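Observations on the three-dimensional arrangement
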Amino acid sequence: MNLVVPLEQVTLAVEGTDARFPVRRIYCVGRNYLDHIHETAGADEREPPFFFQKPADAILAPGEDFPYPSLTEKLHHEIELVVAINKAGADIKAENALAHIYGYGVGIDMTRRDLQAIAKEMRRPWEPGKAFDHAAPCSNIVPASSIGHPDKGRIWLAVNGEVKQDGDLEHQIWPVADAIAHLSMLFELMPGDLIMTGTPAGVGPLVAGDTVTGGIDGIAEIAVNVV
Ligand code: MN
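Reading the values: rules and limits
- Residues numbered from 1 in each chain as written.
- Predicted model: local features only at pLDDT ≥ 70, side-chain atom pairs only at ≥ 80, totals over all residues.
- Heavy atoms only, no water.
- Helix = DSSP H or I, 4+ residues; strand = E, 2+ residues; numbered from the N terminus.
- Rg over C-alpha atoms; globule rule 2.2 N^0.38 Å.
- Contact = heavy atoms within 4.5 Å.
- Areas by Shrake-Rupley, 256 points an atom, 1.4 Å probe, with all protein chains shown as cover.
- Lys, Arg positive; Asp, Glu negative; His and termini not counted.
- Charge placed at Lys NZ, Arg CZ, Asp CG, Glu CD.
- Buried < 20%, exposed > 50% of the residue type's maximum accessible area, 1.4 Å probe, protein only.
- Salt bridge = Lys/Arg side-chain N within 4 Å of Asp/Glu carboxyl O.
- Polar contact = N/O pair within 3.5 Å; in protein donor to acceptor, adjacent residues only side chain to side chain.
- Pairing = 2+ DSSP bridges.
- Axes fitted to C-alpha atoms, helices over the stretch in contact; angles between N-to-C directions.
- Disulfide = S-S within 2.5 Å.
- Patch = residues over 30% accessible without salt bridge, like charges linked within 9 Å, V, L, I, M, F, W, Y side chains within 5 Å.
- Donors = N, O, S within 2.8 Å, 3.2 Å for Na, K, Ca; no water.
- Phe/Tyr/Trp six-rings, centres within 6.5 Å; stacked < 30°, edge-to-face > 60°.

1. Thoughts on the overall build of the protein
Helix and strand content of the protein: five helices and 17 strands. For 227 residues, the compact-globule estimate of 2.2 N^0.38 gives 17 Å, and the C-alpha radius of gyration of the protein, at 17 Å, lies within 12% of that figure. The principal-axis extent of the C-alpha atoms belonging to the protein is close to 45 × 40 × 35 Å. Within the protein, contacts between residues at least 6 apart in sequence are counted, and of these 75% link residues at least 24 apart. For the protein, the computed accessible surface area is about 11000 Å², with 52% contributed by carbon and sulfur atoms. Considering the protein, the positive charge centre built from 18 side chains and the negative charge centre built from 32 side chains are found 5 Å apart.

2. Here's the deal with the side chain of Glu80
Here Glu80 lies in strand S7 (residues 79-85). An unpaired buried charge is present at Glu80: no salt bridge exists, and Lys130, the closest side chain of opposite charge, is 5.6 Å distant. One polar contact links the side chain of Glu80 to the main-chain amide nitrogen of Gly198, over a distance of 2.8 Å. What Glu80 contacts, discounting residues up to four positions off in sequence, is Gly105, Val106, Gly107, Asp109, Ile155, Met196, Thr197, Gly198, Thr199 and Ile216.

3. Focus: the sheet that holds strand S13 (residues 162-168)
The four strands lie next to each other as S13-S12-S16-S17, forming an open sheet whose pairing is antiparallel. A strand with exactly one partner marks an edge of an open sheet, and here the two such strands are S13 and strand S17 (220-225). Sheet twist, expressed as the mean angle between neighbouring strand axes with direction ignored, is 10°. Pairing of strand S12 (residues 154-159) with strand S16 (residues 211-216) involves five bridges; the strand directions are antiparallel. Bridge assignment links Val159 to a residue of S16, and that residue is Val212.

4. Re the state of the cysteines
What is meant by a disulfide is a covalent connection between two cysteines, made through their sulfur atoms. If you walk through the whole model with that rule in mind, you get zero disulfides. Of the cysteine sulfurs around Cys28, a residue in no disulfide, the closest is that of Cys138, at 11 Å. Under the relative-accessibility criterion, Cys138 is labelled buried at 3%.

5. Digging into a nonpolar patch on the surface
Residues Val4, Val5 and Leu7 make up a contiguous nonpolar surface patch of about 380 Å² in total accessible area. Mapping Val4 onto the fold places it in the segment before strand S1 (11-13).

6. Re the coordination of the manganese ion
For a metal bound by four donors in a tetrahedral arrangement, the ideal donor-metal-donor angle is 109.5 degrees, while six donors in an octahedral arrangement ideally sit at 90 or 180 degrees. Around the manganese ion, the protein contributes the donor atoms Glu78 (OE), Glu80 (OE) and Asp109 (OD), which lie 2.0 to 2.1 Å from the metal centre. Since its relative accessible area comes to 1%, Asp109 is described here as buried.

7. Structural notes on the packing of aromatic side chains
Two numbers describe a pair of aromatic rings. These are the distance of the centres and the angle of the planes. Taken as a whole and judged by the stated rule, the model has four aromatic pairs. On the basis of an interplanar angle of 25° and a centroid distance of 5.9 Å, the ring pair of Phe21 and Tyr102 is categorised as stacked. Here Tyr102 lies in strand S8 (residues 101-108) and Phe21 lies in strand S2 (residues 20-22), a separation of 81 residues in the sequence. Given the relative accessible area of 5%, Phe21 is considered buried. Ring centres of Phe52 and Trp126 lie 5.4 Å apart, and the angle between their planes is 55°; this geometry places the pair in the tilted category. With Phe52 in strand S4 (residues 50-54) and Trp126 in the loop between helix H2 (113-122) and helix H3 (127-130), this pair connects stretches of sequence that are 74 residues apart. For the residue pair Phe52 and Trp126, the accessibility class agrees, reading buried in each case.

8. Regarding the environment of Ala119
In this structure, Ala119 sits in helix H2. Here Ala119 falls in the buried class, since its relative accessible area comes to 5%. Linking Ala119 and Gly129, residues ten residues apart in sequence, is a C-alpha distance of 7.8 Å. If sequence neighbours within four positions are ignored, Ala119 has contacts with Arg124, Pro125 and Trp126.

The quantities given are spatial measurements derived from coordinates; they are silent on function.
Here you go:
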């Protein structure tokens, strides 16, 4: 194909193989752990899940530095389970959802919290707060064929070695299968889609010079330098 300008396919390494997972879209689940809802103002934990997106090229691959983003004085970390889809589907039933999953990873939903707060206040879109360049650091993808479909396990994040977020996947309000069921009513899921499935309590600020580490037991770990 004779493209006007060349474009590179964003990919993530697949743990234990030479294969790469191509990234099509990045969907994110808002407010999916009770303790995080309770630290954010006034949210109703009985609301159905809601979703937003980050662009595929917001992926920051393992080993790459995270440049402190422009126009924010309140950059926040959110450690999240990442689900990698490899089978298309719309209106997927929760009981069939796991069959659409290739594997899992660990990601950080980097957030310009001050710009997100303005967007909430002014009823504007969330992109400046959530969908900026490099806003989705992500680990390698680990195939479900090797680890299964974890529905519990410690999820944690530390800044300069000090643990800030420490939760468990089993405290997700909408477990992965339910999140896929809801999301696939809104959008037909396609191979290459990633879903970031929300964060436990303890989100907080990052500054240039910080080293962020995190992980999910049985899946993967992540380490990012803020520069
Ligand atoms: Mn998030």
